[in-house]
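# Structure assessment
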Amino acid sequence: MRRGIFVSIVAASLVWATQASALTLEPIATEGTFEAPTYVTSDPSNPDRLFVTEQTGALKLVEGGAVSTVLDLNDFGNEDLVSTDHNERGLFSVALPSDFPSSGRLYLDYTDTDEGSDDGGDVTVAEFTLGAGDPVRREVLEIEHSPN
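To start, this report covers the structure provided alongside it. Because the structure is predicted, anything quoted here is derived from the model rather than measured. (Residues numbered from 1 in each chain as written. Predicted model: local features only at pLDDT ≥ 70, side-chain atom pairs only at ≥ 80, totals over all residues. Heavy atoms only, no water.)

### Topic: the sheet that holds strand β1 (residues 37–43)
Within the open sheet, the four strands sit side by side as β1-β2-β3-β4. Their pairing is antiparallel. For this open sheet the edge positions go to β1 and β4 (66–72), each flanked by a neighbour on one side alone. For this sheet, the mean angle separating the axes of adjacent strands, direction not counted, is 25°. (Pairing = 2+ DSSP bridges. Helix = DSSP H or I, 4+ residues; strand = E, 2+ residues; numbered from the N terminus. Axes fitted to C-alpha atoms, helices over the stretch in contact; angles between N-to-C directions.)

### Describing the environment of H145
With respect to the secondary-structure elements, H145 resides in the segment after β8 (136–143). What makes H145 partly exposed here is its relative accessible area of 22%. (Buried < 20%, exposed > 50% of the residue type's maximum accessible area, 1.4 Å probe, protein only.)

### Looking at a negative patch on the surface
Taken together, the side chains of D72, D75, E79 and D80 make up a negatively charged region of the molecular surface. Relative to the assigned elements, D80 resides in the loop between β4 and β5 (91–95). (Patch = residues over 30% accessible without salt bridge, like charges linked within 9 Å, V, L, I, M, F, W, Y side chains within 5 Å. Areas by Shrake-Rupley, 256 points an atom, 1.4 Å probe, with all protein chains shown as cover. Salt bridge = Lys/Arg side-chain N within 4 Å of Asp/Glu carboxyl O. Lys, Arg positive; Asp, Glu negative; His and termini not counted. Charge placed at Lys NZ, Arg CZ, Asp CG, Glu CD.)

Just distances and angles here, no functional claims.
In structure tokens:
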């Protein structure tokens, strides 16, 4: 009897289950391409504005299908900040706090080109403030990263 009830419940649930719809991919940009993208996120106040990090050190903004460069860490005040010498190095991700639209602050996670270490490539988290002038950088955290 119990087995019959169990089978009936399973059968009924299969009848009521909706058919799974196929997933589709939609392009996020109508122009431009990305070079080795590593992460994508949206502006906390506007989900239609997407930020894409590229391993090579660029932070791109996709808005209305158009792509623009927000920040290039390999052209930051005449300084290259990102090491991309090995497959596992580069710009990894971006985090935008909830006050990003008003503060212009964002956080980037990347391997640096610091010549002070054995061969550079320490993992760095830095805060960048975007505004009317040049972006301002403040290092938040640096973790030694062995080349081995």
